[in-house]
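Coordinate analysis (summary)
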Amino acid sequence: MTSGRDAFSALSDANDGLRPTRALIDLDVLATNVRRLKDLLSPSTTLMAVVKANAYGHGATTVARTTLSHGAAALAVATVDEGIELRDDGIDADILVLGPILASEIERALRHRLQLIAVSPATASYVSDAAHRLGLSWRPGLHVKLDSGLHRYGSDLETAIATARQIDQDHSLELAGVTTHFASADDPSAPVTDEQMSRFTAFVSTLAAERIAPRFRHVANSAATLRSPGFHLDMVRVGIALYGLAPSSHCPLPATVRPVMRLVSRVARIHALRPGDTVGYGQTFTADRPIRAALIPIGYGDGYRRALSSTAWMAVQKQRAPVLGRVSMDSTVIGVPDEVHLALEEEVLVFGDGSGGEPTVDDLARLTGTISYEVVCGLTARVPRIYIHDSVALPRETRGTPGQRFKVSS
Ligand SMILES: *Cc1c(COP(=O)(O)O)cnc(C)c1O
C-alpha cells in the first residue's frame, strides 16, 4: 500500500480483530537491551529488572519473563498487587516490592513470597509474626532502606541500623538486602549523589563491623547504572533503560539499546477542509487553504495527552503529519502532507524510535512538559499491547494492564 512500510507495519496488519490503535512491543529489542545493560556490569553484579506500573506500560508479565531469560535475575514492583499479578502468571524469581505497604498487606505479600522493604524494627516484627502465623518453611527476605537524602521512603541511619540488626538476629527472617535511592543520579553536576553514597557506605560499614552481612547491597537505578560503575555493588535496579529510554539527556544509552515500544494507529476517515473550516472542540484550528485531514482513533482516553493538541505530529509514509486542533478523548485529527496519497486504514506512527519520521517518546515528553517515564506509563488499558518476537506477533494469550486480558493471534 505504501513505500514506507516495515516489519512493524506488516505485523500490525495482523487480522486479529483488535482495534487499530495498539502498542507494538518488540521482545527481541527488549532482550538485546537486557543483554547490553548486563554487559555493563561485572559478572558478580545481579540485574534486577524494575517492572512496576505494568512494566512502565509495556506489560509486566511478558516483560518480566523476557528480562529473566536474557540476564535479569530478580524483579522489582511498586505494590503487593503488582507482585501477586506476576506470581499468578507463574513467575518464580525473587520479587521485591519497592514501595511502602500497609501492615495489613504483609500476610498477602508473604503468601506470594514477595520480598519487602523494612524501614523500622516494627516492620521486621510484623513480618516475623506473620511468618510464624502462616507457618512458613522459608525465611521471608527483607531489604533495609536508608533514606540517604531523597527524603521519600526509607529510614534514618540509626533506625536502619537497628532494623538490620533485628532482622539479622531473627532466624525466621533473611536480610536480603540493604538499599537506598538517589535523588539526582541523572544529573552529573548534582553533588548530592556522592553525599548519598557516602551515607550509604557508612551504613554498610557499621553493619560490617557487627558482622551483619546482607545478601545484596543495591543503590543504582538506570542513571547510576549507566554513569557510575562504582555504584553497581551487588545488584542494580534498572527500569527505564530496559525499555530503551534514557533516564535524562545527561545519561545517554549505549547505542545498541533501542526503544522497545512503538505506538501505531490507522486512518479512520479522510476528508477535505476548505479555507475557513475549523477542526475539533473549541475550533482551535482553522484551515487557511484547502487541505486534507485524517481522523486517527486515538485520544487522551488512550493516554495520548490533550496537551499534544496543535503541537505534536504523527508520521504517515515517513512524512510528518501535524495534529490539527484539539486532541479529544477518543480521536485526533492530523493534516495530510500534500505529497502523500493516503488510504483509509493506512498505518500511522504515533511514536517510536523516530526512524519513520514519527516523534520519539522523548519528543512527546518534551512537548507536554514531562519525562519519558510518564508517557509510556500513561498508556491506558484500552490500548492493546502486541508482543513481537522473531518478527511475528506472539500467538498466545498475554496480559495487558491489570484487569485486561486479550488474545493475540499471529
Ligand atoms: C522506579 C525505581 C527504580 C528504577 O528507576 P529507573 O530510573 O527507571 O531505572 C529503582 N529503584 C527504585 C527504588 C525505584 O522506585
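Residues numbered from 1 in each chain as written. Predicted model: local features only at pLDDT ≥ 70, side-chain atom pairs only at ≥ 80, totals over all residues. Heavy atoms only, no water.

Moving on, we get to the overall build of the protein. When helices and strands are tallied, the protein shows 12 helices and 22 strands. Radius of gyration (C-alpha) of the protein: 24 Å, near the 22 Å computed for a compact globule of 410 residues. On the principal axes, the C-alpha backbone points of the protein span a range of 80 × 45 × 40 Å. Sequence separation of at least 24 residues holds for 65% of the intrachain contacts in the protein that already meet a minimum separation of 6. (Helix = DSSP H or I, 4+ residues; strand = E, 2+ residues; numbered from the N terminus. Rg over C-alpha atoms; globule rule 2.2 N^0.38 Å. Contact = heavy atoms within 4.5 Å.)

Turning our attention to the packing of aromatic side chains. Applying the stated criterion across every chain, the model contains four aromatic pairs. On the numbers, 5.3 Å between centres and 35 degrees between planes, the contact of Phe-182 with Phe-231 is tilted. Of the two residues, Phe-182 sits in the loop between β7 (174-179) and α9 (192-209) while Phe-231 sits in the loop between α10 (222-227) and β9 (235-238), which places them 49 residues apart along the sequence. By relative accessible area, which is 11% here, Phe-231 ends up buried. An angle of 75 degrees between the planes, with centres 6.1 Å apart, marks the rings of Phe-200 and Phe-203 as edge-to-face. Of this pair, Phe-200 and Phe-203 both sit in helix α9, three residues apart, which is roughly one turn of the helix. (Phe/Tyr/Trp six-rings, centres within 6.5 Å; stacked < 30°, edge-to-face > 60°. Buried < 20%, exposed > 50% of the residue type's maximum accessible area, 1.4 Å probe, protein only.)

The ligand sits among 14 residues. The nearest are Lys-52, Tyr-56, Ser-222, Ile-240 and Tyr-373. Ser-222 has a polar side-chain atom sitting 2.5 Å from an oxygen atom of the ligand. Within the backbone of Ile-240, one N or O atom sits 2.8 Å away from an oxygen atom of the ligand. Summarising the interface, the protein chains cover 92% of the accessible area of the ligand, which totals 390 Å² for the free molecule. Comparing atom positions with the cavity grids shows the ligand to sit within the largest pocket. (Near = heavy atom within 4 Å. Polar contact = N/O pair within 3.5 Å; in protein donor to acceptor, adjacent residues only side chain to side chain. Areas by Shrake-Rupley, 256 points an atom, 1.4 Å probe, with all protein chains shown as cover. 1 Å grid on protein atoms, 1.4 Å probe; cavity = no way out; pocket = protein on both sides within 12 Å on 5 of 7 lines; lining within 4 Å. Sits in = over half its atoms within 2 Å of the grid points.)

Our focus in this paragraph is helix α5 (residues 80-88). Working note: α-helix, 3.6 residues per turn, so residues spaced by three or four point in the same direction. Most of α5 is tucked away, with seven of its nine residues classed as buried. Gly-90 occupies a position one or two residues after α5 and carries a positive phi of about 90 degrees.

Attention shifts here to the environment of Met-329. Checked against the element boundaries, Met-329 lands in the loop between β16 (319-324) and β17 (332-335). Here Met-329 falls in the partly exposed class, since its relative accessible area comes to 43%. For the pair Met-329 and Arg-87, spaced 242 residues apart in sequence, the C-alpha to C-alpha distance is 34 Å. Apart from the residues lying within four places of it in its own chain, the contact partners of Met-329 are Gly-299, Tyr-300, Gly-301, Asp-302 and Arg-382.

Taken as a whole and judged by the stated rule, the model has one cavity of 30 Å³ or more. Approximately 40 Å³ is the volume found for the largest cavity. (Points joined across faces, edges and corners; volume = space filled by probe spheres on them.)

This brings us to the environment of Pro-43. Within the secondary structure, Pro-43 sits in the loop between α2 (27-39) and β2 (46-50). Along the sequence, Pro-43 and Asp-234 sit 191 residues apart, while their C-alpha atoms lie 9.8 Å from each other.

Of note in this structure, Asn-54 is not a glycine but carries a positive phi near 55 degrees. Structurally, Asn-54 can be placed in helix α3 (residues 52-56). Classification of Asn-54 by relative accessible area gives buried; the value is 7%. You will see that Arg-211, though not glycine, has its phi angle at about 55 degrees, which is positive. For Arg-211, a relative accessible area of 76% gives the class exposed.

A word on the pairing of β9. Because side chains alternate across β9, one face comprises the buried residues Met-235 and Arg-237, and the other comprises Val-236 and Val-238, equally buried. Of the strand pairs in this sheet, β2 and β9 are connected by four bridges, and their pairing is parallel. If you follow Ala-49 over to β9, its bridge partner there is Val-238. Note that strand β8 (residues 216-220) and β9 share two bridges and pair parallel. Looking at β9, one finds that Ala-220 is bridged to Val-236. After leaving β8, the chain enters α10 and then returns to the sheet as β9, a path that is right-handed. (Pairing = 2+ DSSP bridges. Right-handed = clockwise from strand over helix to strand, strands pointing away.)

A word on the layout of surface pockets. Any empty space left between the atoms is revealed when a probe the size of a water molecule rolls over them. Volume-wise, the largest pocket comes out at about 800 Å³. Along the wall of the largest pocket there are 39 residues; nearest its centre are Tyr-56, His-181, Asn-221, Ile-371 and Tyr-373. Residue assignment for the lining of the largest pocket shows that the elements contributing at least two residues are α3, α10, β9, α11 (361-367) and α12 (372-377). Broken down by element, the residue count for the lining of the largest pocket peaks at three residues, all from α11. For the lining of the largest pocket, the residue count by class is 20 nonpolar, 12 polar and seven charged. (Nonpolar A, V, L, I, M, F, W, Y, C, P; charged D, E, K, R; others polar.)

Let us look at the side chain of Ser-328. Looking at the element boundaries, Ser-328 is found in the loop between β16 and β17. By relative accessible area, which is 15% here, Ser-328 ends up buried. Residue contacts for Ser-328: discarding those within four places in its chain leaves Tyr-281, Gly-299 and Tyr-300.

Counted at 1.5 Å a residue, the expected span for α9 with its 18 residues is 26 Å, and the 26 Å between its end C-alpha atoms agrees. Those residues of α9 not exposed but buried are Thr-193, Gln-196, Met-197, Phe-200, Phe-203, Val-204 and Leu-207. Viewed end-on, α9 has its buried residues packed into an arc of 120 degrees, placing them on one side of the element. Those residues of α9 that are exposed and aimed more than 90 degrees away from the buried face are Asp-194 and Ala-209. For α9, the elements touching its buried residues are β6 (141-145), α8 (157-169), β7 and β8. Where α9 terminates, the next one or two residues include Arg-211, which has phi positive at roughly 55 degrees. (Expected span 1.5 Å × (residues − 1). Arc of directions from axis to C-beta.)

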